[in-house]
Amino acid sequence: MIRLYFTSAILLIGLGICQAQNLYDAQWVLGYDISTDLDECFLTNLDFRDDTLRIDTINCIDDFILDGANFSMCDKKGNLLFYTNGCDILNANGRIMDGGDILSPGYIEQEWCSFFGHPIANTVVSLPEPCSDQMYHVFSLDSQPGIILNETIGSSFAPINLYQNVIDISKNNGLGEVVIQDSIVLQDTFSLGHLKATMHANGLDWWVILPEALTNCIYKIQLTQEGITAPTKQCLGHRWNNSSGGSSTFSPDGQYFARFNFQNGLHIMQFNNESGEFFEPIDIQFPNDNFPTNSGVSFSPNSRFLYASTTNRLYQFDMEANDIDSSRIVVAEYDGFVNFSSTIFHKSRLARDGKIYIGVFAQHRNLHIIHKPNLKGVECEV
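Q: What exactly am I supposed to notice about the environment of glycine 78 here?
A: Position of glycine 78 relative to the elements: it lies in the loop between strand E5 (71-74) and strand E6 (80-84). Classification of glycine 78 by relative accessible area gives buried; the value is 0%. Each C-alpha atom, one on glycine 78 and one on asparagine 93, is 15 Å from the other, the two residues being 15 residues apart in sequence. Apart from the residues within four sequence positions on either side, glycine 78 is in contact with Leu23, Ala26, Gln27 and Arg49.

Q: Teacher, can you tell me more about unusual backbone geometry here?
A: Outside of glycine, negative phi angles account for most residues, and trans bonds account for most peptide bonds. The backbone of cysteine 131 shows a phi angle near 65 degrees, a positive value even though the residue is not glycine. Position of cysteine 131 relative to the elements: it lies in the loop between strand E8 (124-128) and strand E9 (135-141). A positive phi angle is found at leucine 214, which is not glycine, with a value near 55 degrees. Looking at the element boundaries, leucine 214 is found in the loop between strand E15 (206-211) and strand E16 (217-224).

Q: Looking at this model, I keep getting lost on the state of the cysteines. Mind explaining?
A: Where two cysteines share a covalent bond between their sulfur atoms, that bond is called a disulfide. What the rule picks out here adds up to two disulfides. Across a sulfur-sulfur distance of 2.0 Å, cysteine 87 and cysteine 113 are joined as a disulfide pair. Between cysteine 87 and cysteine 113 the sulfur-sulfur dihedral comes to about -80 degrees; the bridge is accordingly left-handed. Here cysteine 87 is found in the loop between E6 and strand E7 (89-91), whereas its partner cysteine 113 is found in the loop between helix H1 (107-111) and E8, with 26 residues between them in sequence. Here cysteine 217 pairs with cysteine 235 through a disulfide, and the sulfurs are 1.9 Å apart.

Q: Would you explain the pairing of strand E12 (residues 161-168) in this entry?
A: Along a regular strand, successive side chains alternate from one face of the sheet to the other. The buried count for E12 comes to eight of eight residues, which makes it a mostly enclosed element. Residues Asn161, Tyr163, Asn165 and Ile167 line one face of E12 and the alternating positions Leu162, Gln164, Val166 and Asp168 line the opposite face, and both faces are buried. For E9 and E12, the ladder comprises seven bridges, and the chain directions are antiparallel. Bridging across to E12, methionine 135 finds its partner in aspartate 168. Where E12 and strand E13 (residues 177-187) come together, seven bridges link them in antiparallel fashion.

Q: Would you mind going over the sheet that holds E12 with me for this structure?
A: Hydrogen bonds between backbone groups are what pair the strands of a sheet, and the pairing can be parallel or antiparallel. Taking strand neighbours across the sheet as the criterion, the four strands line up as E8-E9-E12-E13 in an open arrangement whose pairing is antiparallel. Lying at the two open borders of the sheet, with one neighbouring strand each, are E8 and E13. Here the strands of the sheet are splayed against their neighbours by 20 degrees on average, with no regard to which way each runs.

Q: Can you walk me through the packing of aromatic side chains in this structure?
A: Within a pair of aromatic rings, the relevant descriptors are the distance that separates the centres and the angle that separates the planes. Taken as a whole and assessed by the stated rule, the structure comprises 17 aromatic pairs. Where phenylalanine 250 meets phenylalanine 257, the ring centres are 5.0 Å apart and the plane angle is 50 degrees; that geometry is what we call tilted. Both residues of the pair, phenylalanine 250 and phenylalanine 257, count as buried. An aromatic cluster is present here, built from Trp207, Phe250, Phe257, Phe271 and Phe278 joined pairwise through their rings. Positioned above the aromatic ring of tryptophan 240 is the side chain of arginine 259, whose terminal nitrogen or guanidinium carbon lies 3.5 Å from the ring centre.

Q: I tried to follow the pattern of salt bridges on my own but got confused; where do I start?
A: Any two side chains of opposite charge can pair, given that their charged atoms come close. Summed over the entire model, instances satisfying the criterion amount to 15 salt bridges. A salt bridge links aspartate 25 to arginine 352, with the shortest nitrogen-to-oxygen separation between them at 2.6 Å. Residue aspartate 25 is located in the segment before strand E1 (27-32), and its partner arginine 352 is located in the loop between strand E29 (348-350) and strand E30 (356-358); the two are separated by 327 residues in the primary sequence. The residue aspartate 318 makes a salt bridge to lysine 376 at a minimum N-O spacing of 4.0 Å. Remark: lysine 376 occurs in the segment after strand E31 (368-370) and aspartate 318 occurs in strand E25 (residues 313-318); sequence separation between them is 58 residues. What you see here is one network of salt bridges that share partners, running through Asp47, Arg49, Asp50, Arg54 and Asp56.

Definitions and cut-offs
- Residues numbered from 1 in each chain as written.
- Predicted model: local features only at pLDDT ≥ 70, side-chain atom pairs only at ≥ 80, totals over all residues.
- Heavy atoms only, no water.
- Helix = DSSP H or I, 4+ residues; strand = E, 2+ residues; numbered from the N terminus.
- Buried < 20%, exposed > 50% of the residue type's maximum accessible area, 1.4 Å probe, protein only.
- Contact = heavy atoms within 4.5 Å.
- Disulfide = S-S within 2.5 Å.
- Pairing = 2+ DSSP bridges.
- Axes fitted to C-alpha atoms, helices over the stretch in contact; angles between N-to-C directions.
- Phe/Tyr/Trp six-rings, centres within 6.5 Å; stacked < 30°, edge-to-face > 60°.
- Lys NZ or Arg CZ within 6 Å of the ring centre and 35° of its normal.
- Salt bridge = Lys/Arg side-chain N within 4 Å of Asp/Glu carboxyl O.

Everything listed here is a matter of coordinates, which is why it stays silent on function.
As structure tokens, this is what we get:
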């Protein structure tokens, strides 16, 4: 049995002069080692290189866990290059990459990395350097204790540093080396689990965004051929009074950004992927749902429909509706099925095969699938 934790780290790919159609997100490495062999580790790999799902088992270092932070990176042809749990970067052979052993210095490294990995999803994202086949940038967040992220509960642990690691994949016969390690890009108190990226309108560069904790502000950084730009901050819309967790994503066309958790609801903003400006925020609440630890959000391939999960229900919203809130439709409800754990709705992610895959909060043997997410209502076929 492979026990899977599904997280929604997502890489949105576009077209450009240097970045033609590519397969950077063609393989997803999931799960953690449950083998009894002390010298082996087995993870699950979801392979979408042929635009259909193939499930494989891959080997890695012993006791490696992809449970919270999780990101996989392929080359433009879809060959797996490396993957990370927010603590270590493993190369294509399943071994720690040279220089890839510390992504979360401080509390996470000392208390979590030796046996678990970074516990928070969406705290790491990797991007190919524009117009380069050998350089990759990994942005990651630490977490430190005693930081207030919830105005009601009080202190928790929260990210205060955004790091950049740069990989030269041509080193070590193609297995790669981290040539710039733990360079601090930005310092503040950040929201847990909302580090995201989307492609610039020019089809070359990237936008990296990161919400500030307990505010309505978002930091934006641009990755170009010359490196990263100085961070800018924009404040608009609803002020989050609880920044401890949830999900967020960009639409595939880069025109919308959605952010979601139980305490604050669903917040959708339009995004100008040329200027990097957010505008026209919308707030949507879920008074009939209780999902304190479970929320997921994904867009359909055509960017028209937004899917939001609330533990026991899966909702669809129509971005073309005059009133997006009023367009909500329940397209699936939890039916009580248990296969090791209750198969409720949690994190979600759009795959290259045009389907959306939804995981469960705890250990599980199944993933939900939205087979036709471009279709309205129950025709989407959950």
